[in-house]
Amino acid sequence: MTTSPLIARARQLADTLLVPNAERVDQAEVPASHLDAIRRSGLLGVSAPEAYGGAGAPDSVAREVQEILAGACCSTWFVQTQHHTPVRMLAKSELPLRESLLRPLATGELLAGIAYAHVRAFPRVVVRATAERDGWRFDGTVPWYTGWGLNDVMLLAGITDADEIVFAFADAREQPGLRPSAPMRLAALTAARTVSLELDGLWLPESSVLLRTPQEKFALLDIPRSTNASPAVFGLAYAALRIVAESGEPETAEALRGGVDEVRREAYALADHPVAHEHVEERLALRTRAYDLMRAATTAAVVSGGGRTMDLRNPAQRLAREGMFLLIQGQTSVVRRAHLDALGRP
């Protein structure tokens, strides 16, 4: 584990706000006040450049912050984690958009969501982007959009007829050409305010475009995002093991923790590998192993608590449901195949 003021702030936030309210949030929705607290702590800018008001922290610190938040309240974590991808992409951009948008995102003045996971379904095109009137028209359906009513802006993506992906910022509100569904009722993380978005001629100016890139190039860059083990998986596992230990089963907790620690070390070492699209098989194997350990940890938390864990006010069953969500969060066909193959082996 790393020592950093940002990590200390994340732990304080978890202990004083997120954990004490996690069951209430799970049965309702993520309150704006939770995100305000994260913004005030500076955690929304953990990876943003210092020159733009961010913390400029290394990836090791950013990962541990995400672990802590996910283990404390996965719904709150899931809303705020969307914010970091647009921030990282803006930090690498040289477009004028960087100068106008990076600082308010780095400081948390604005909260961003993402609406681009559907481009991983290529060659199936879910959202089409078409050049029109010195800008871009977007048509189709965004199947999942998290943080509706909480986010200020969204990073939307569509695919052109030439198989180019267009990423552009839009206001995260109902407007001509953009209509949200009713909030989805989910087995876990309903509180994260997830909707689908119907796009029917949503027009965005060229000045809102963050990136245009060939689909093949994006797919290569996206490999580590989809094959690396998520910090949230480790955060959830550690939270479950704390419950196991507090239930009077410290030996079980310690035995499982050793495996989690080992996989975490190996997974993060690969995440830091200088060539991000190499060692795909090893990344997938570690991701799958991390899932197995998370599932074992949450199961142990349920078992150690007995019948009382079926109460919706009990954190063990919440963690087990959140773990089920993480099994499919960010899932691609490659990840699904690797996971099913591992589960099918005797």
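Each remark here, short or long, concerns the structure printed above.
None of the values given here were measured: they were computed from a predicted structure.

**Observations regarding the packing of aromatic side chains**
Alright, step 1. This structure, assessed with the given rule, holds seven aromatic pairs.
Alright, step 2. With centroids separated by 4.9 Å and ring planes inclined at 75°, the aromatic side chains of Phe 78 and Phe 325 adopt a geometry described as edge-to-face. Of the two residues, Phe 78 is situated in helix H4 (residues 74-92) and Phe 325 in helix H10 (residues 315-328); the sequence distance between them amounts to 247 residues.
Alright, step 3. In this structure Phe 78 comes out as buried when scored by relative accessible area, which is 10%.
Alright, step 4. Ring centres 5.5 Å apart and planes at 80° place the aromatic pair Phe 234 and Tyr 268 in the edge-to-face group. Taken together, the positions of Phe 234 in helix H7 (residues 231-246) and Tyr 268 in helix H8 (residues 250-271) put the pair 34 residues apart, joining distant regions of the chain. Both residues of the pair, Phe 234 and Tyr 268, belong to the buried class.

**Some points on the nonpolar core**
Alright, step 1. Leu 43, Val 65, Trp 77, Phe 234 and Leu 326 are the most contacted members of the largest nonpolar core, which has 68 residues in total.
Alright, step 2. Top element by residues in this core is H7. It accounts for eleven residues.
Alright, step 3. Residues within four places of Leu 43 in sequence aside, it is in contact with Leu 6, Ala 10, Leu 13, Ile 38, Val 65, Leu 69 and His 84.
Alright, step 4. If you look at the next biggest cluster of nonpolar residues, it comprises 23 residues, including Met 89, Leu 101, Val 153 and Phe 218.

**Some details on the packing of H4 against H10**
Alright, step 1. Packing of H4 against H10 brings their axes to within 11 Å, and their N-to-C directions diverge by 30°. Classified by the angle between their axes, H4 and H10 sit roughly parallel to one another. Residue-level inspection shows Cys 74, Ser 75, Trp 77 and Phe 78 of H4 in contact with H10, the latter providing Glu 322, Phe 325 and Leu 326.

**What to know about helix H5 (residues 96-106)**
Alright, step 1. Among the residues of H5, Leu 97, Arg 98, Leu 101, Leu 102, Pro 104, Leu 105 and Ala 106 are the ones counted as buried.
Alright, step 2. Looking at the buried side of H5, the elements it contacts are H4, strand E1 (112-115), strand E4 (153-159), strand E5 (164-171) and strand E8 (209-214).
Alright, step 3. Residue Gly 108 follows H5 closely and has a positive phi angle near 85°.

**Thoughts on the pairing of E1**
The side chains of a regular strand alternate, residue by residue, between the two faces of the sheet.
Alright, step 1. Of the two faces of E1, both are covered, the one formed by Ala 112 and Ile 114 as well as the one formed by Gly 113 and Ala 115.
Alright, step 2. In terms of strand pairing, E1 meets E4 through four bridges, oriented parallel. When the bridges of E4 are listed, Gly 113 appears paired with Met 154.

**Here we look at the environment of Cys 74**
Alright, step 1. Among the structural elements, Cys 74 can be located in helix H4.
Alright, step 2. In this structure the C-alpha to C-alpha distance between Cys 74 and Ala 240, which are 166 residues apart in sequence, comes to 12 Å.
Alright, step 3. Every residue in contact with Cys 74, bar those within four places of it in the chain, is listed here: Leu 69, Leu 189, Glu 322 and Leu 326.

**Quick look at helix H11 (residues 333-344)**
Alright, step 1. Counted at 1.5 Å a residue, the expected span for H11 with its twelve residues is 16 Å, and the 16 Å between its end C-alpha atoms agrees.
Alright, step 2. Buried residues belonging to H11 abut helix H6 (215-227), helix H9 (280-305) and H10.

**Considerations on the layout of surface pockets**
Alright, step 1. The volume enclosed by the second largest pocket comes to roughly 560 Å³.
Alright, step 2. The wall of the second largest pocket is formed by 29 residues, among which Val 19, Gly 71, Tyr 238, Ala 239 and Arg 242 lie closest to the centre.
Alright, step 3. Looking at the lining of the second largest pocket element by element, the count peaks at six residues for H7.
Alright, step 4. Per-class residue counts for the lining of the second largest pocket are twelve nonpolar, seven polar and ten charged.

**With respect to unusual backbone geometry**
Alright, step 1. Pro 123 follows Phe 122 through a cis peptide bond whose omega is 15°.
Alright, step 2. In this fold, Pro 123 is placed in the loop between E1 and strand E2 (127-132).
Alright, step 3. The phi torsion at Asp 134 lies on the positive side, around 55°, for a residue other than glycine.
Alright, step 4. Assessed through its relative accessible area of 73%, Asp 134 is described here as exposed.
Alright, step 5. We note that Arg 193 has phi near 60°; this positive angle belongs to a residue other than glycine.
Alright, step 6. By secondary structure assignment, the location of Arg 193 is in the loop between strand E6 (178-180) and strand E7 (194-205).
Alright, step 7. Arg 193 sits in the buried class, given a relative accessible area of 18%.

**Brief notes about the pattern of salt bridges**
Alright, step 1. What the rule picks out here adds up to 21 salt bridges.
Alright, step 2. Residues Arg 120 and Asp 222 are paired through a salt bridge, measuring 2.7 Å at the closest nitrogen-oxygen approach. Note that Arg 120 is positioned in the loop between E1 and E2 and Asp 222 in helix H6, a separation of 102 residues in sequence.
Alright, step 3. Among the residues examined, Asp 222 registers a relative accessible area of 5% and is labelled buried.
Alright, step 4. For Asp 139, the salt bridge identified is with Arg 137, shortest N-O distance 2.6 Å.

Rules and cut-offs
- Residues numbered from 1 in each chain as written.
- Predicted model: local features only at pLDDT ≥ 70, side-chain atom pairs only at ≥ 80, totals over all residues.
- Heavy atoms only, no water.
- Phe/Tyr/Trp six-rings, centres within 6.5 Å; stacked < 30°, edge-to-face > 60°.
- Helix = DSSP H or I, 4+ residues; strand = E, 2+ residues; numbered from the N terminus.
- Buried < 20%, exposed > 50% of the residue type's maximum accessible area, 1.4 Å probe, protein only.
- Core = buried A, V, L, I, M, F, W, Y, C linked by side-chain atoms within 4.5 Å.
- Contact = heavy atoms within 4.5 Å.
- Axes fitted to C-alpha atoms, helices over the stretch in contact; angles between N-to-C directions.
- Parallel < 35°, antiparallel > 145°, perpendicular 65-115°, else oblique.
- Pairing = 2+ DSSP bridges.
- Expected span 1.5 Å × (residues − 1).
- 1 Å grid on protein atoms, 1.4 Å probe; cavity = no way out; pocket = protein on both sides within 12 Å on 5 of 7 lines; lining within 4 Å.
- Points joined across faces, edges and corners; volume = space filled by probe spheres on them.
- Nonpolar A, V, L, I, M, F, W, Y, C, P; charged D, E, K, R; others polar.
- Salt bridge = Lys/Arg side-chain N within 4 Å of Asp/Glu carboxyl O.

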